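Descriptive analysis of the structure
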Amino acid sequence: MVKFSKQFEGQLVPEWKEAFVDYWQLKKDLKKFHFLNTNNNKNPNQNASSFFTSLKKCFPFGHQRKEHGAIQVHKKLASSASKGDMYETELLEQFDDVDAVQEFFTCLDLQLNKVNQFFKNKEKEFMERGDCLKKQMDILIELKSALKQQHGKVSSSQDSKEDASISCTITCEEDSVRDRIEEEQVVQETTTEDTLERTEEIDSPKSEEIAKSMRIKREDSKLRSLSGRVFNCQGKNLKINIPLINPTRTFSAISYLVWEDLVNQSSKKCNPEGNRLQINKTKLHHAEKMIKGALIELYKGLGYLKTYRNLNMLAFIKILKKFDKVTGKQILPIYLKVVESSYFNSSDKVMNLADEVEELFIKHFSEEDRRKGMKYLKPQQHKESHSVTFFIGLFTGCFIALLAGYAIMAHITGMYRQQPDTVYMETVYPVLSMFSLIFLHLFLYGCNIFMWRKTRINYSFIFELAPTKELKYRDVFLISTVSMTAVVGVMFIHLSLLTKGYSYYQVQAIPGFLLLIFLLLLLCPFNICYGSSRYRFLCAIRNIVMSPLYKVVMLDFFMADQLCSQVPALRNLEYVVCYYVTGSFKTQDYGYCMRAEHYRDLAYAVSFLPYYWRAMQCARRWFDEGETSHLVNLGKYVSAMLAAGAKVAYEKEKSTGWLCLVVIMSSVATIYQLYWDFVKDWGLLQVNSKNPWLRNELILRRKFIYYFSMGLNLVLRLAWLQTVLHSKFGQVDYRVTGLFFAALEVIRRGHWNFYRLENEHLNNAGKFRAVKTVPLPFHEVDEED
């Protein structure tokens, strides 16, 4: 039977762990005092007292004086109304170790007050979000009905191909939500200094200066505020937020800004007659999708709050039972009444709101089909099959056997020695090297998922992955083992045919067909072979390639970081594509691509393109969020870009000047990257932390792992030194040596991924963010605004 502490830790919401009952601390407090067993250590007069006590229970005259329990819990009003009621326990009976018991109940009261406070705050947050979503639904329903009426009018007079739309007047200047929040915070800070003189402060010159500075700030950040437009429709002033998350909306926002600057330079506010906003089916569909996602996230948050209530209630029961067992007192019934009547257990607002959200979603988003609606609100995760584990073991064994056979055959034929068979190493080996690096990275990602799940890091929430479509670590292991078995099997067959006397002209197309099959499988539009994951991967690659135009999310810049470690694989891919597309495999002219000028120029682009994409993502994040740390991070990738370009130039020129430049640029980039790894990404090297040189909050219990990880990251970061030292392993070809050092960089990246997500998880947990905050499309504004 699983211990409750393990069950409790496995079921709690990871981001809310600090807000749950500290069950482990309460257990430690219980261990501080030990009471003698009543059966073994009885007082001489204990039998007589027990006899009289039983008589009092049997006869009514024994209850002439009301008996009190061992404790009494007092309910006090907090200093502020937001904190709610506070509980404090008073000991009425004498305990053997009074100080330890009093410390236990002090901690227990603290946990109860903490749970009530957190539950009340989260309940208030979800209730406000629920009220806002109800208003959003009312506006959406009103606009959809108006659109239908407008569509009925224009269908008779206009072409049926033209989309009907509602003409809504833009009534005021655009404004960003962040600017309004900052303005409210500034005004609140000034008004809270002296609440008795609010009216004087509003009219004071200080408030006027604040308002003026905020207006100037809005003018300076005009492009960032293009996500919202204020319009008048159906007698209401509404603001529709259109997030700039794709190139179409970005270019539309830029063109709108240019048009406004060219045509309306003299006016600060939009002309109601000259600017009209068309709300068509596409915009309403996008607004409906945003509201649907917000309802799903709200329902998920309400479910987490229910879990929070049930687990905390069970924790109080378990710890009180342990206390009664240790002390021999009957404390559970007394304290449990207080817990049951406390706010977190007695409030039914969460249950009612969950029912309302469920009814609203089923009515408007699932055509009143409850089963269909609950698939979105409560998605059922697929159970992991034992067949997946079986096939992982099967293909792992096949891969090891084929790899051993391939290595033995390559050793016998001398393919990997220095200049044994230039054709094979120039044409076939890049295919094997490319696939080896890619699927090694994928295997390490499976290891990361395993460790994230074991340490309760909510990677699905951080990456915004659907729980029913995300890849489990067994799925990742299966993909990597099957793929590498296929790759090594094909390479084994290809090498076998060469040893049997077949010419390169006859068998050279085999590696090209292997690459083509993998590309077709990746781009397959049918929902087979993890179709949803392949689609999400392609979307992430698309967002990376067009990174300045797409809004950057965690998964996108995480994937871009992985590409920065796959530069050797990308260069091998460049050569293989050139070799087969130009038809060089037919003429056996493997040096054609190396002689082509365009190919040599493309080598520079391939080497620093991943760093360029990552730098553009940092620029976009700075543009969206306005934090200067993103600009500092951008400098790190610029330095890496310059170092990669210098390395490619040195490989071609082989001069002392380029070698010095490689050493200088690589050293600067390495120091920059190490600082960012330790301080920013990992959150380590904190001087004033309670953990020496580590951050205050850690996921892993053994601290030496972090020190070892820092040292390992330092060593693997210096792998670029092989460019200068020209390290060789006996008679092994330099391409095999290059593959070894490229694999070290992939291993370093996989090792870094765990700590990157750990840092992100701790930041989320610190803000108690367990569900996404979905932006809402409509915002009602006052006429004065």
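Residues numbered from 1 in each chain as written. Predicted model: local features only at pLDDT ≥ 70, side-chain atom pairs only at ≥ 80, totals over all residues. Heavy atoms only, no water.

Turning to the state of the cysteines, a few remarks are in order. Counted according to the given criterion, the structure contains one disulfide. Here Cys 578 connects covalently by a disulfide to Cys 593, the sulfurs 2.0 Å from one another. A torsion of -105 degrees about the S-S bond marks the disulfide between Cys 578 and Cys 593 as left-handed. With Cys 578 in helix H23 (residues 567–581) and Cys 593 in helix H25 (residues 592–595), the pair connects residues that are 15 residues apart, well separated along the chain. Classification of Cys 593 as buried rests on a relative accessible area of 0%. In this model Cys 524 remains outside any disulfide bridge; the closest cysteine sulfur is found in Cys 529, 7.4 Å from its own. Using a relative accessible area of 47% as the deciding quantity, one classes Cys 529 as partly exposed. (Disulfide = S-S within 2.5 Å. Helix = DSSP H or I, 4+ residues; strand = E, 2+ residues; numbered from the N terminus. Buried < 20%, exposed > 50% of the residue type's maximum accessible area, 1.4 Å probe, protein only.)

Going through the model one piece at a time under the given rule, you end up with 39 aromatic pairs. Seen in terms of ring centroids, Phe 118 and Tyr 308 are 5.0 Å apart; in terms of plane orientation they differ by 50 degrees. Their pairing is tilted. Taken together, the residues span a long stretch of sequence, with Phe 118 in helix H4 (residues 98–157) and Tyr 308 in helix H9 (residues 281–327) at a distance of 190 residues. The class of Phe 118 is buried, set by a relative accessible area of 9%. Between Phe 435 and Phe 439 the ring centres are 6.0 Å apart and the planes differ by 15 degrees, which places this aromatic pair in the stacked class. Of this pair, Phe 435 and Phe 439 both sit in helix H16 (residues 429–454), separated by four residues, roughly a single helical turn. Lying across the ring of Trp 676, Lys 680 places its NZ or CZ 6.0 Å from the centre. The ring of Trp 752 has Arg 749 lying over it, and the distance from NZ or CZ to the ring centre is 4.9 Å. (Phe/Tyr/Trp six-rings, centres within 6.5 Å; stacked < 30°, edge-to-face > 60°. Lys NZ or Arg CZ within 6 Å of the ring centre and 35° of its normal.)

Here we take up the environment of Phe 95. Relative to the helices and strands, Phe 95 is located in the loop between strand S2 (85–91) and H4. Put simply, Phe 95 and Lys 329 are 234 residues apart on the chain and 9.7 Å apart in space, counted from C-alpha to C-alpha.

Summed over all chains, the structure comprises 17 salt bridges. The salt bridge involving Lys 134 is made with Glu 356; its shortest N-O contact spans 2.5 Å. Of the two residues, Lys 134 sits in helix H4 while Glu 356 sits in helix H12 (residues 349–365), which places them 222 residues apart along the sequence. Note on Lys 134: relative accessible area 33%, which makes it partly exposed. Residue classification places Glu 356 among the partly exposed positions, given a relative accessible area of 36%. (Salt bridge = Lys/Arg side-chain N within 4 Å of Asp/Glu carboxyl O.)

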